[in-house]
Amino acid sequence: MLSLLGNALLLLALLVSLHQIFRPEAGSDPRARLAALATQVSPFVLLVMAFLIQATNLELVSEYAGEKLPLFYRISAVWGSRAGPLMMWAAMVSVITLAMDVEEDRVSTSARIMHSWTTILLSISFIMGPFAPSDGTSRGELNPLLQTDLMVIHPPVVFLYYSLCLAVASVALSGYIRMEPPEVTHDRLLKWVRYAFLAGTVGIGLGGLWAYSVLDWGGYWAWDPVETGSLLPWLGLLAILHARPRRDSDRKLASSPGIAMIGGALVMHATLVTRANGVWASVHAFVGDGSNSMPSDPYFRVLQLADFSAVGIEVTTYLLAVISLGCIAVAHLARQQKQQLEDSGSTTLFQENRVLSLSLLVYFAGIGLWIGSSAVIALGLAILFLLVNADSERPPGQLVAAGILLMLFSSWGWVANWYQAMAGIVPFLLVWLVPEEEEGTPSILESLNDSATLNRLAFSTPFHASLAFLLLTWILLTVEIDGTNLAAHELYGTPILAVMAMALSWYSMGARVVLYRRTAVIAGVLALSFSLPLLSTSIPLPGDPELPITPSISRGDLSTFVLVWLSLAVFATGFRLWKTARRDSPRTGLIGSHIAHVGIAVLLVGHVLTTTLVDRSDPSHLVTLERGEPLEHSGFELVFRDVEVISSEDDGYAYGIGDGYVGIVIEVMDDGESRGMLEPGMLRFDSPSGSVSARSEVDRLTGLTGDTVVILDLAQSNELLSAMIMGQTDQVEQVRVTVYHLTGSHLVWVGWVLVMMGSAIASVPKIGDNSSEEIYED
């Protein structure tokens, strides 16, 4: 009966969604819209209720809701399957769709596009058969990593973030369909961008907190493919928030709607990364399929998964959505270029020299095939297509830079060899060098002496740097299908972060600091950023500053360079926040923006101290402890005191999940005085099939300057279990643990809270508060 009801509700929700798309006038009645929402949400609500009451006559409940699973974790079991998260996502998209049209007298174009997303998600869910019947027995167990409080909260927040990103993309897509001016579209989508940015900040931060608390990474961020994939839309949103009006007009940057559509594509890309396991290996990919014996190009791997099975249809749909939104974004940019050319009476390179233009496109296609990367071919051809269809006399410098950076990042990320990258740069440079330089164009030195030019540069840097960081991260993600290269992300991302910190500092000093003083400060910090790394070996940095991140650059060198800029950014943004807050009537949105700026700077300082400076693969963090013998490690003495083995049936079992616990007790000493006890261990999970799985129970000692994290690895816990079975735990005299002293870890969480707080304040600005458009004059 429950299976029949679920399938009927799912089919009804599909039909209602299609009705909203093709009969928008039927949505004029608010009651009809509410009824449509209730219908679209009802399948997910029923599935949640089935998990809560453990209705094992449904296949999903039988597979993922074990008999001993606590009530709270039955909720997280809903998104442990393939269909559950999609139904939750469809429900969230439906709620947001209703909010988008609250003041409309019919279903708007944006809402119809949102209903299309709902239809796609419900269709995939229906194919997967979430309400398939079962024989009523419990045969499976929820992944141990999902049996945490944070996993009840984190996935819904992430899917809310994804839903809001789709809302942003839908507004941009509706503007493209209606051929409205880009500045109008930008104004309409900005509200949803703020909401999505806030939800993304919360969701990504919760994921980091979960990793910090549960996983044996020893940190909050490890550039895992899934967390990296979720960061990409956030970077796109960051760029849109900084798409400020031009200084000589009231027009918004014409590229904003295009970036919004790319953000929607990146959401589908992030979902593809999560749900097409065997393409990207990730600890987060709980619902993956596929194998690792596949091509080296991730998108060719996805194509190999494409078939008429439920999983094949699902991943193919995501890939098609990515391609479609990307193509429409390029079409939008091409349309804006064409309009600007018509307004100015200029001609394109394609119009002036069709043979050269086609030759450049064919040449780059050949280079892309030589490199063997579908990502490089697709994006490179899109950029080059826009360039040959741009003003032939003044080719857009941003597009030229994007093409050059694409090839440089491809070389840095081992997608291409250096000579392939150099060959790929040629067509972009050629388009830029063909036009003759106009007379009267100011030189670089003249521009740097102009206050207005420097201010414009500072205002535009976050926009361009966000997109550059997005491009770099995506390129690295395409080659990290079998493993993550943390060092590459940290090394190549650092210069971009330094440039952003420089621009943020210049902006924060503002007109309150005269031009020559601002210039002197930036020049002085620039000198320090290059000179202090030469002395990094004598600077008492935490972590592993002496270890190399490249053959010629140590972690201390790299961290010292960027910490100089980030320290200036923390001081400058804090100064700007203090000055703004002291005004008689400070604008709420402006205060929120400044708080978020301080938070990002503080968070990045914490990131450098706990991630860039720490080599988690270095054996120095592996410590062997003898029972009762103190061992000095990073300024503390660690003493192995005891072994704990607790069954779930014992009165002293403090966990509501699992079937047993094994761990050790370590006392932390400082100058002969006890600082506290650390108890790292492992939880054991016995499945109905007889298999046994384990989850690390990381423990940490919190101090004033940061956390000391201790991890018991799986091999050591197995040895302890063997000793327990033999009744020899009292004879265990030696244990191995992994220890990280994370100085500055508190800064990560303080910065995250400040970014959330600032984003929340900026999301509800006062009437007439256009803080995103602040302009100042020297």
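About the cut-offs
- Residues numbered from 1 in each chain as written.
- Predicted model: local features only at pLDDT ≥ 70, side-chain atom pairs only at ≥ 80, totals over all residues.
- Heavy atoms only, no water.
- Patch = residues over 30% accessible without salt bridge, like charges linked within 9 Å, V, L, I, M, F, W, Y side chains within 5 Å.
- Areas by Shrake-Rupley, 256 points an atom, 1.4 Å probe, with all protein chains shown as cover.
- Salt bridge = Lys/Arg side-chain N within 4 Å of Asp/Glu carboxyl O.
- Lys, Arg positive; Asp, Glu negative; His and termini not counted.
- Charge placed at Lys NZ, Arg CZ, Asp CG, Glu CD.
- Helix = DSSP H or I, 4+ residues; strand = E, 2+ residues; numbered from the N terminus.
- Buried < 20%, exposed > 50% of the residue type's maximum accessible area, 1.4 Å probe, protein only.
- Phe/Tyr/Trp six-rings, centres within 6.5 Å; stacked < 30°, edge-to-face > 60°.
- Axes fitted to C-alpha atoms, helices over the stretch in contact; angles between N-to-C directions.
- Parallel < 35°, antiparallel > 145°, perpendicular 65-115°, else oblique.
- Left-handed = near helix turned anticlockwise from the far one by under 90°.
- Contact = heavy atoms within 4.5 Å.
- pLDDT = per-residue confidence, 0-100.
- Core = buried A, V, L, I, M, F, W, Y, C linked by side-chain atoms within 4.5 Å.

**What to know about a negative patch on the surface**
Right, so step 1: A cluster of like negative charges, contributed by Glu-632, Glu-637, Asp-671 and Glu-673, occupies part of the molecular surface.
Right, so step 2: Positionally, Glu-673 belongs in strand β5 (residues 673-678).
Right, so step 3: Glu-673 sits in the exposed class, given a relative accessible area of 59%.

**Re a nonpolar patch on the surface**
Right, so step 1: On the surface, a cluster of nonpolar side chains totalling about 490 Å² of accessible area is made up of Leu-11, Leu-15, Leu-18, Phe-22 and Phe-126.
Right, so step 2: Ranked by the residues each element gives to the nonpolar patch, the list is headed by helix α1 (residues 2-22), at four residues.
Right, so step 3: Looking at the element boundaries, Phe-126 is found in helix α6 (residues 109-128).

**Some details on the packing of aromatic side chains**
Right, so step 1: Here the structure, examined in full by the defined rule, presents 21 aromatic pairs.
Right, so step 2: Where Trp-192 meets Tyr-195, the ring centres are 5.7 Å apart and the plane angle is 85 degrees; that geometry is what we call edge-to-face. Residue Trp-192 and its partner Tyr-195 are located together in helix α8 (residues 182-214), separated by three residues, close to a single helical turn.
Right, so step 3: Note on Phe-364 and Phe-428: the rings are 5.5 Å apart at their centroids and 75 degrees apart in plane angle, and the pair reads as edge-to-face.

**With respect to the packing of helix α15 (residues 374-388) against helix α17 (residues 418-433)**
Right, so step 1: Contact pair α15 / α17: the axes reach a minimum separation of 11 Å and the direction vectors enclose 15 degrees. Between α15 and α17, the crossing angle belongs to the class labelled roughly parallel. For the crossing formed where α15 meets α17, the hand is left-handed. Across the interface between the two elements, Gly-380, Ile-383, Leu-384 and Leu-387 of α15 pack against Pro-427, Phe-428 and Val-431 of α17.

**What to know about the confidence of the model for the protein**
Right, so step 1: For the protein, per-residue confidence averages 87 on the pLDDT scale, and residues scoring 70 or more make up 92% of the total.
Right, so step 2: Across the protein, element-level confidence peaks in α15 with a mean pLDDT of 96 and bottoms out in helix α18 (residues 444-448) with 55.
Right, so step 3: Below pLDDT 50 for its whole length, residues 247-252 participates in 14 contacts with residues either more than four positions away or in separate chains.
Right, so step 4: For the stretch residues 767-778, pLDDT sits under 50, and the model shows 43 contacts to residues farther than four places along the chain or on other chains.

**Focus: the nonpolar core**
Inside soluble globular proteins, nonpolar side chains tend to come together where they are buried.
Right, so step 1: Judged by nonpolar contacts, the single largest core of 197 residues is most densely connected at Trp-89, Trp-117 and Met-407.
Right, so step 2: With 16 residues, helix α7 (residues 150-178) is the single largest residue contributor to this core.
Right, so step 3: With sequence-adjacent residues up to four places away left out, Trp-117 is seen in contact with Val-93, Leu-166, Ser-170, Met-268, Ala-321 and Leu-325.
Right, so step 4: Formed by 21 residues, the second largest nonpolar core is a distinct cluster that contains Leu-625, Val-662, Ile-666 and Leu-720.

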